[in-house]
Structure formats: structure tokens, C-alpha cells
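Summary of structural features
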Amino acid sequence: MIFYQETGAVFILGGNGDLVVMRSPSDEQNHTGDWPDGKIQCVAVSDASDTLAIASPDLGVRLYDAKTLSVSDEQLPLRTDGAVGHPLGTTTHLALSGDGRLLASAHANGRVSLWAYDEIEDSWGRVAVLGAEAQWAAPSALAFSADSRILAVTDAARRFELWELTELRDDDGLSYQPEPYTSLSGHTAQVESLGFAGDGNTLVALGGDGQISAWRVRAGLRHSIQDPWLISLRLAFAGDGRLLITNDYELADFDLNTGLRESSPISQPGTIRDVAANGALTVVATAGSRGLSLWRSNQSLGETLEGNFFCVAIAPTKPMLAAGDDEGGVIRVWEIGDPSKPIEVEPQPPAHGAERVTDIAFAREGELVVSTSQNGTVQVWDRASGRARVFPD
């Protein structure tokens, strides 16, 4: 799932290649879109530029207005690779930069292309090919840093590189000069996913070997976090370089500045299945088999909220807390303006089926609660109207 915060839309790419957009429950219906024919390979969306990029085998990458879902007049010419004279092949991965002005596309032939939006020319164009002389073996993940100056690329052969992107402009227009920044190593299996933390300087990678690696990119520090208990991982960044990880049983507190696992005073009865954090509120929430607890500076804030919880979320910009039950599909939402005294909102969201709520998140400035269920459905609940929509119906 991908969230588009401007409208609260949720983009769901199914295993069969179908893409469905769930709008707010106040809208009349879901949107299946005027998408390219055939299976959709990957999707990327940018809140900053209202850009939606969709890749399909037949048409390469098409650009849409993320607000209206209408096709953009500007499309990317991805059918051939003019720089090296070979077809690009199927687009396998997409990533949009935080400001929405850069798009990275990885292709079946191992090429990674960089595209840029030129505001003066009001058009997109390819500005660079990364590693044109030494292509990747099936790129497996792409990610931009928060300042859009670093692009991370990994592949199936465990090649893991960071590229620094320098913007240039001359008489020929806008271009970018990608330079190798550093190569990373340490994983014994393919990196499955990666991303930059909220500070924009910490890159975290999860490998198929069960290892989490964290790099302080500008400082050049690299730490590996590997432990037999790191399974069924849930994690959260708690600020000050702290990474909190839970594995359904206990909570580990890692200091990314040193790579050391700290002794965490955060604990609660029963298991800890999920953890969430909000840096602005300096609040951490832990959820488990015997309740939900709120913490600040490792100090408990009030009594544990009773329940059998599987997942928890804190809204990024508003003092809102949500948790999903381990059975029965129950979802509960609280206001935490005073984290020591959570107040349940009224009305509460309807139960999401009769099974475990597997994940939960906020969208559109905390006004929407999005949840997934063990039965494979997605529910979007609109707090203002009290209405909910489930997909598939």
C-alpha cells in the first residue's frame, strides 16, 4: 500500500497486477483508474509534486496527476535506452524523491535511470544513467534521501551502492551528475527493502538474511543489527538516533550513533508485538498481548490500556493513537493531547472483519485510519463522517 496524504487516497497494488485507489469513505466509490493495459509492475507517488508514476511492461512508465488520477501530458520515453543503445526492458522498481522532482527507474536489463522535472521547461527528461558501464544484476530496491541528494540502489547479487546527485544547468538545460558516494556491504542475502529515516541521514536496510543494517550516511558510520530473535520485525525511529525493534516478544533499543543495543527500561506485561513513535510528541507506544502503553524518555505515561493488541500507530502530525486487535477485528482510536490521559474518540471505527488486524496507519493529517486484516482486506475509516470502506467489498 502507498498513501497519498493530500487526499488521503490509498493505492493498493494486488498480486495480479491490478491497481485500485481507495479514496476517502465520503467519496462514492473506489477508483480503478485509466491504467495501462496489462499487469502493473510498480507504483510511486509524491505528495510534494502530486505526481503518480505507474510502470507496466507494455508502456513503460506513465505519469498521472495524483489528485485527479488523470493522465499527465508529459510521459517518460522509457522504451529505449539512447545512452547505451539497448532496450531498457521491463521497469521493475520506481522511486520518487521527497520533493517530487526526481524519479529513479530500475529495469530488467540492470540499468538504473534518473529522470528530472525541469520547472523552467515544464517537462520531464532523463538526465543520467547510473553505472552505465557496469549494470546491476536485477535491482531489488531504490530509495532517495530526504534532501534528494543521495540515491541508494541494491540488487540481487548483494551489490549495494549510494550515489550522490549534483544538479547542473547549462545552455542545454537541466542535468544531474551522479557520482559513486560509497559502497556498502555486510548482508549475506539480497536486501529486500530499504529506506531513509525521518532525519534524512539514516539509511536502514532489511535483508533476506534477517539482518538489519543502519548507516549514518553523511557521517560514514555503519552498524549491523543481527540477532536470532529478529523475526516478525516491527520497528520505529524514536528520535536522537534510536531505533526500536520488536519481534512479537520483547523490545530492543539500538543507538544508531554507536550501533550498540541499549538496555531499555520499556517493558510491559505479556509480549510486545508492535512499537510506534512520534518524534514531535516525543512519545513511544508499545502494544502487545496484555495491553498498550505510552512512554516518554523511557518513563511510563499512566496506566496500561487494556486489550490484546497486534499493531499500533501514532499520527505523524496530530496527537492521535490507533491500535488493532489480535482477534475480532477491533480497532480503537484515542486522542493523546495529554499522553498520560488518552481519550477514546467517539464514534470508534467499525470492526475490521472478525480476524486479526495486521497493520494500521494514519493518513490525511490523522483524519483517516487505514487498516489491513488477516483476511486480506483493507479498511479506510473517516473520523469526520464516521464512515468506513472496505476493499475488496
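Quick notes on the rules
Residues numbered from 1 in each chain as written. Predicted model: local features only at pLDDT ≥ 70, side-chain atom pairs only at ≥ 80, totals over all residues. Heavy atoms only, no water. pLDDT = per-residue confidence, 0-100. Contact = heavy atoms within 4.5 Å. Helix = DSSP H or I, 4+ residues; strand = E, 2+ residues; numbered from the N terminus. Pairing = 2+ DSSP bridges. Axes fitted to C-alpha atoms, helices over the stretch in contact; angles between N-to-C directions. Phe/Tyr/Trp six-rings, centres within 6.5 Å; stacked < 30°, edge-to-face > 60°. Buried < 20%, exposed > 50% of the residue type's maximum accessible area, 1.4 Å probe, protein only.

1. With respect to the confidence of the model for the protein chain
- Summary statistics for the protein chain give a mean pLDDT of 80 and a share of 84% for residues scoring 70 or more.
- Confidence drops under pLDDT 50 across residues 79–86; counting only partners more than four residues distant or on other chains, this segment forms 19 contacts.
- A low-confidence stretch, residues 227–231 stays under pLDDT 50, and its non-local contacts, those more than four residues away or across chains, total eleven contacts.

2. Some words on the environment of Arg158
- Here Arg158 is to be found in the loop between strand E14 (150–155) and strand E15 (160–170).
- When near neighbours in sequence (up to four residues on either side) are disregarded, Arg158 contacts His187, Thr188, Ala189 and Gln190.

3. Things to note about the sheet that holds strand E4 (residues 42–46)
- Spatial ordering of the open sheet is given by E4-E5-E6, a layout of three strands whose pairing is antiparallel. Among the strands making up the open sheet, the edge pair consists of E4 and strand E6 (60–65). Along the sheet, successive strands turn relative to each other by an average axial angle of 20°, direction set aside.
- One ladder, built from six bridges, connects strand E5 (residues 51–56) with E6; its direction is antiparallel. The residue bridging Leu52 from the neighbouring strand is Tyr64, located in E6.

4. Topic: the packing of aromatic side chains
- Under the counting rule described, the total for this entry stands at two aromatic pairs.
- Ring centres 5.9 Å apart and planes at 50° place the aromatic pair Tyr117 and Trp124 in the tilted group.
- Exposure remark for Trp124: the relative accessible area of 11% places this residue in the buried category.
- Ring centres 6.3 Å apart and planes at 70° place the aromatic pair Phe309 and Trp334 in the edge-to-face group. Placement of Phe309 in strand E29 (residues 309–314) and of Trp334 in strand E31 (residues 331–335) is noted, with a sequence separation of 25 residues between them. Taken individually, Phe309 and Trp334 each receive the classification buried, so the pair is uniform in this respect.

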